[in-house]
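Observations on the model geometry
Residue strings, one per chain:
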Amino acid sequence: MKSSLRITLAIIIALFTIAPTNVEAKTKKLKALIVSGQNNHNWQVSHRVLRLILDQSGLFECDIMLTEPAGGDMSGFTPDFEEYDVVVLDYNGDRWPKQTDEAFVKYVKRGGGVVVYHAADNAFAEWEEFNKIIALGGWEGRNEKSGPYYYLINGIGVLDNGPGAGGSHGQQREYPMHCRNEKHPITKGLPNNWVHGRDEMYDRMRGPANIKDLLYSGYADEKTGGSGREEPLVFTVDYGKARIFHLMLGHCGPTLDNNPAMQCTGFQVLLLRGAEWAATGKVKQAVPADFPTDKRPSFRPAYKAPYDAER
Ligand code: ZN
């Protein structure tokens with residue numbers, strides 16, 4: 001072999017050796033853990049949908065950890081939260097083992113990322129630290145002892161210590177979302193008002209109410225059985241160094257195909273932007289062209305952006 005050819009080959013081999021590392025670095029995915037396995041909701045569908053949305057975005061790689069069914073032996077439920085950039089809670093059930101409670105609080109306190117999805121904020125009404133991590137919760141015996149109601153009057157957040165149950169919702173419906181912070185990385189560039197696909201709207205939620213940035217609210221119309229108040233629906237939580245994204249939307253339907261609240265493009269985009277922010281403190285995702293408008297909702301039935309949706 002001529003020496004020039006040998007050098008050329010060596011360069012080619014070197015390029016092939018280096019190239020995959022560069023590609024890997026460019027496409028390094030964020031690690032997400034979805035916690036599910038018990039819920040008063042259809043967790044069998046919801047945890048799969050959450051995974052589809054996160055995986056199909058190309059930004060995340062997901063693990064799922066399911067607990068034993070209700071009443072089962074929870075002692076084996078010991079996720080290594082520290083392995084992940086973000087923990088997505090889709091869980092409302094039996095208490096975790098003490099060591100898992102402690103590992104979770106440690107992970108959050110040291111600045112871990114958390115997404116609190118829909119009925120995950122029903123969980124653990126008696127666990128004080130968990131309620132600080134979610135800021136507002138509902139049902140499961142919550143009342144004035146759990147903390148005040150938090151809602152908006154003329155756009156200003158108020159705390160209401162009046163007595164009453166925590167957590168309710170009116171009939172499922174499509175409803176407008178109202179942006180309360182246009183500058184936050186999660187909301188930046190999204191429309192201020194847009195129509196969410198048919199969903200429950202949580203209202204009368206109670207808790208320590210340590211909301212950091214309220215991102216979206218919605219009007220819980222009395223005509224459809226709501227509280228008659230402007231209710232917080234999407235927010236971040238003030239909890240030390242942690243990045244906690246609380247998304248009350250997304251009541252899961254009976255099947256993957258009949259699931260309008262989670263098929264809503266707005267829900268999926270908020271989940272993805274919120275999860276990226278929780279994982280990194282930034283949002284690099286473009287505002288997609290198929291986002292809902294103030295006139296109509298839009299849907300991604302397969303939980304994936306159309307290929308031309310990203311601007
Ligand atoms: Zn629900």
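How each quantity is defined
- Residues numbered from 1 in each chain as written.
- Predicted model: local features only at pLDDT ≥ 70, side-chain atom pairs only at ≥ 80, totals over all residues.
- Heavy atoms only, no water.
- Helix = DSSP H or I, 4+ residues; strand = E, 2+ residues; numbered from the N terminus.
- Rg over C-alpha atoms; globule rule 2.2 N^0.38 Å.
- Buried < 20%, exposed > 50% of the residue type's maximum accessible area, 1.4 Å probe, protein only.
- Contact = heavy atoms within 4.5 Å.
- Expected span 1.5 Å × (residues − 1).
- Arc of directions from axis to C-beta.
- Lys, Arg positive; Asp, Glu negative; His and termini not counted.
- Salt bridge = Lys/Arg side-chain N within 4 Å of Asp/Glu carboxyl O.
- Polar contact = N/O pair within 3.5 Å; in protein donor to acceptor, adjacent residues only side chain to side chain.
- Core = buried A, V, L, I, M, F, W, Y, C linked by side-chain atoms within 4.5 Å.
- Pairing = 2+ DSSP bridges.
- Right-handed = clockwise from strand over helix to strand, strands pointing away.
- Donors = N, O, S within 2.8 Å, 3.2 Å for Na, K, Ca; no water.
- Tetrahedral: all angles 85-135°; square planar, octahedral: opposite > 155°, others 65-115°.

Regarding the overall build of the chain
The helix and strand inventory of the chain stands at 6 helices and 13 strands. By the compact-globule yardstick of 19 Å for 311 residues, the chain fits well, its C-alpha radius of gyration being 21 Å. Its C-alpha atoms give the chain principal-axis dimensions of about 90 × 50 × 35 Å. For the chain, with 311 residues in total, the buried portion stands at 53%. Taking all contacts inside the chain whose residues are at least 6 apart in sequence as the whole, residues at least 24 apart take part in 68%.

Remarks on helix 3 (residues 98-109)
A rise of 1.5 Å per residue sets the reference length of helix 3, with its 12 residues, at 16 Å; its end C-alpha atoms lie 16 Å apart and thus fit the reference within 8%. Inspection of helix 3 places T100, D101, F104, V105, Y107 and V108 among the buried residues, and these make up the whole buried set. One side of helix 3 holds all its buried residues, which, seen down the axis, span an arc of 160°. Looking at helix 3, the residues exposed on the side facing more than 90 degrees away from the buried face are K98, Q99 and K106. Contacts made by the buried residues of helix 3 are with strand 3 (86-89), strand 4 (113-117), helix 4 (128-134) and strand 13 (243-247). Where helix 3 terminates, the next one or two residues include G111, which has phi positive at roughly 110°.

Structural notes on the side chain of R173
Within the secondary structure, R173 is located in strand 8 (residues 173-179). As a buried residue without a salt bridge, R173 has its nearest oppositely charged side chain in D221, at a separation of 5.2 Å. A polar side-chain atom of R173 sits 2.8 Å from the main-chain carbonyl oxygen of Y219. For R173, the side chain forms a polar contact with the side chain of T224, separated by 3.2 Å. With residues near it in sequence (within four places) discarded, R173 still touches G197, R198, D199, M201, Y219, A220, D221 and T224.

A short note on the nonpolar core
Ranked by internal contacts, the top residues of the largest apolar core, which has 45 residues, are L54, Y216, V234, F245, L249, F267 and L270. It is helix 6 (residues 265-280) that provides the largest number of residues to this core, a total of 9 residues. Setting aside anything within four residues of it in sequence, one finds L54 in contact with A32, I34, L59, F60, C62, V88, L271, L272 and A275. Residues V108, A119, Y202 and M248 belong to the second largest nonpolar core, which totals 39 residues.

Quick look at the pairing of strand 3
Neither face of strand 3 is open: one carries V86 and V88, the other V87 and L89, and all of them are buried. By the bridge criterion, 4 bridges tie strand 1 (residues 30-36) to strand 3 in an arrangement that is parallel. Along strand 3, the bridge assignment pairs I34 with V88. Where strand 3 and strand 4 come together, 4 bridges link them in parallel fashion. Within the sheet, the bridge partner assigned to V86 lies in strand 4 and is G113. Note on the crossover from strand 3 through helix 3 to strand 4: the handedness is right-handed.

Here we look at the coordination of the zinc ion
Around the zinc ion, the protein contributes the donor atoms H41 (NE2), H118 (NE2), E200 (OE) and H251 (ND1), which lie 2.0 to 2.1 Å from the metal centre. Metal-centred angles of 91 to 154° between the 4 donor atoms at the zinc ion mark the site as irregular. Read N to C, the donor residues that coordinate the zinc ion are spaced as H-x76-H-x81-E-x50-H. One end of the pair, H118, is in the loop between strand 4 and helix 4; the other, H251, is in the loop between strand 13 and helix 5 (260-263), and 133 residues separate them in sequence.

Points about the environment of M201
Here M201 is to be found in the loop between strand 9 (193-199) and strand 10 (202-203). Assessed through its relative accessible area of 4%, M201 is described here as buried. When the C-alpha positions of M201 and E82 are compared, they lie 33 Å apart, and in sequence the two are 119 residues distant. Non-local contacts of M201, meaning those with residues more than four positions away in its chain, are made with S168, H169, G170, R173, Y175, G218, Y219, A220 and L233.

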